[in-house]
Amino acid sequence: MKNRLKEIKNQAIIEINDAKTLEEIENIKVKFLGRKGELNTIRRGIKDLSPEEKPVIGDLANKIAGEIETKINEKHQALYKAEISEKLQSEKIDITLSGASKPFGTQHPLTSTINDIVSIFQGMGFSLVENINSPEVETEYYNFDALNFPPDHPAKDMQDTFYTLNAPNLLLRSQTSNSQIREMEKKSPPLRVISPGRVYRSEAVSSRKNNLFHQVEGFMVDKDVTFGDLKGILNEFTRQFFGQSRPTRFRTSFFPFTEPSVEIDVQCIMCQGKGCRTCSGTGWLEILGAGMIDPNVLKNINIDSDTYSGFAFGMGVERLAMLKYAINDIRLFFNNDVRFLEQF
Ligand code: DAH
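Residues numbered from 1 in each chain as written. Predicted model: local features only at pLDDT ≥ 70, side-chain atom pairs only at ≥ 80, totals over all residues. Heavy atoms only, no water.

Asks: Can you walk me through a positive patch on the surface in this structure?
Replies: Together, Arg35, Lys36, Arg44 and Lys47 make up a positively charged patch on the protein surface. Residue Lys47 is classed as exposed on the basis of its relative accessible area of 61%. (Patch = residues over 30% accessible without salt bridge, like charges linked within 9 Å, V, L, I, M, F, W, Y side chains within 5 Å. Areas by Shrake-Rupley, 256 points an atom, 1.4 Å probe, with all protein chains shown as cover. Salt bridge = Lys/Arg side-chain N within 4 Å of Asp/Glu carboxyl O. Lys, Arg positive; Asp, Glu negative; His and termini not counted. Charge placed at Lys NZ, Arg CZ, Asp CG, Glu CD. Buried < 20%, exposed > 50% of the residue type's maximum accessible area, 1.4 Å probe, protein only.)

Asks: Looking at this model, I keep getting lost on the domain arrangement of the protein chain. Mind explaining?
Replies: The parts lose accessible area when they come together, and the size of an interface is often stated as this lost area. Domain annotation for the protein chain reports domain 1 (2-90) and domain 2 (109-341). A straight line from the C-alpha centre of domain 1 to that of domain 2 covers 94 Å. (Domains from an automatic or database assignment.)

Asks: What is the right way to read the sheet that holds strand S7 (residues 258-267) from this model?
Replies: Strand-to-strand pairing in sheets goes through backbone hydrogen bonds, with the strands running parallel or antiparallel. With mixed pairing, the 7 strands of this open sheet are ordered in space as S1-S4-S5-S9-S8-S7-S6. Every other strand in the sheet has two partners, leaving strand S1 (127-128) and strand S6 (248-255) as the edge strands with one partner each. Against the sheet, helix H5 (residues 109-122) contacts S1, strand S4 (191-200), strand S5 (212-223) and strand S9 (308-316), and its axis sits at roughly 165° relative to S4. Contacting S6, S7, strand S8 (284-293) and S9, helix H8 (residues 227-242) runs over the sheet at an angle of about 150° to S8. (Pairing = 2+ DSSP bridges. Helix = DSSP H or I, 4+ residues; strand = E, 2+ residues; numbered from the N terminus. Contact = heavy atoms within 4.5 Å. Axes fitted to C-alpha atoms, helices over the stretch in contact; angles between N-to-C directions.)

Asks: So what exactly am I meant to see when it comes to the nonpolar core here?
Replies: Taken as a class, soluble globular proteins show a tendency for nonpolar side chains to be buried jointly. Ranked by internal contacts, the top residues of the largest apolar core, which has 43 residues, are Phe121, Phe126, Phe237, Phe311, Phe313 and Met315. If sequence neighbours within four positions are ignored, Phe126 has contacts with Phe121, Arg192, Val193, Ile194, Phe219, Met220, Ile233, Phe311 and Phe313. Core analysis: the next-biggest nonpolar cluster, separate from the first, contains 21 residues, Ile8, Ile46, Ile68 and Ile72 among them. (Core = buried A, V, L, I, M, F, W, Y, C linked by side-chain atoms within 4.5 Å.)

Asks: What exactly am I supposed to notice about the site of the ligand here?
Replies: In the region of the ligand, 15 residues are neighbours, and Gln175, Arg201, Gln215, Glu217 and Ala312 sit closest. Gln180 places a side-chain nitrogen or oxygen 3.1 Å from an oxygen atom of the ligand. The side chain of Gln215 places a nitrogen or oxygen atom 2.9 Å from an oxygen atom of the ligand. Here the ligand, which alone exposes 350 Å², has 90% of that area covered by the protein. Of all the secondary structure elements, the ones that give two or more residues to the shell around the ligand are S5, S8 and S9. (Near = heavy atom within 4 Å. Polar contact = N/O pair within 3.5 Å; in protein donor to acceptor, adjacent residues only side chain to side chain.)

Next comes the structure, spelled out in structure tokens:
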């Protein structure tokens, strides 16, 4: 029996040494130390031995069981440590690797140009009129008549303006100037308003013209508003928008709703006034139309033109963005080519 116990011990040691996983060690434990294991069978038989053999075999069985258990625990520890360190290795995160970056969208250059223009005027006390208060589908009255366009004005011609088939006199607005009438109908002076939005014209599309584009309209009505105020505000606008003070030129012009009317040129940003392709050799770039609001317009909305006066202006957003960012084709704004858009 002593020999059998020693054999069991040797066998256990061989198997423990060979074990490669925690699972194998667990099985060895059951096999040698479990209730149904051979060691236990021998121990159960001790009661049948002679009184001399009982303590000897009993002690030896206990000793061997203890030794096997110690070996198993040691091996368990070693395997457990190895498994953990392997796991740590394989699951290691290299925090010096750069993360997977998600691409960010950018603001459309027309949106950021509108935001720039609006915030410059807000800085000078103008308040923003939301698009909803100045509709794109408009009546002839707000787009033309209330703005002092005579009934036979060429701009009202079908070639310039998109009329709808739904109703006579319903059109896509050709200018943001409708916001002047809509705002002045609702509010009384003093007023300082800025109103950006989309406008539509029936034009042949080219690198300089699209039949949908954007304008920003602005106007100020108060007592004693003069042409000097118009000049000061618009000069300050060009200084802030182009980032530096540049010469401006006020040319007389004509709009039905302003008297006097002007067009404002800014010195060419490409050639500093020397003359180049961008400015067709003139050294100047037209950026907006403006003027003192015609008393007839004020009368149309029951504002007393003896007490109040005002100025108004309207600028093309695409044109300003093209000048600021040196873009040579208006269609780029509408093609949605990501290679163009992501530059902004
Ligand atoms: N509405 C004009 C256009 O589309 C631009 C304009 C000129 C607006 C003079 C104004 C203004 O408010 O006073 O050509």
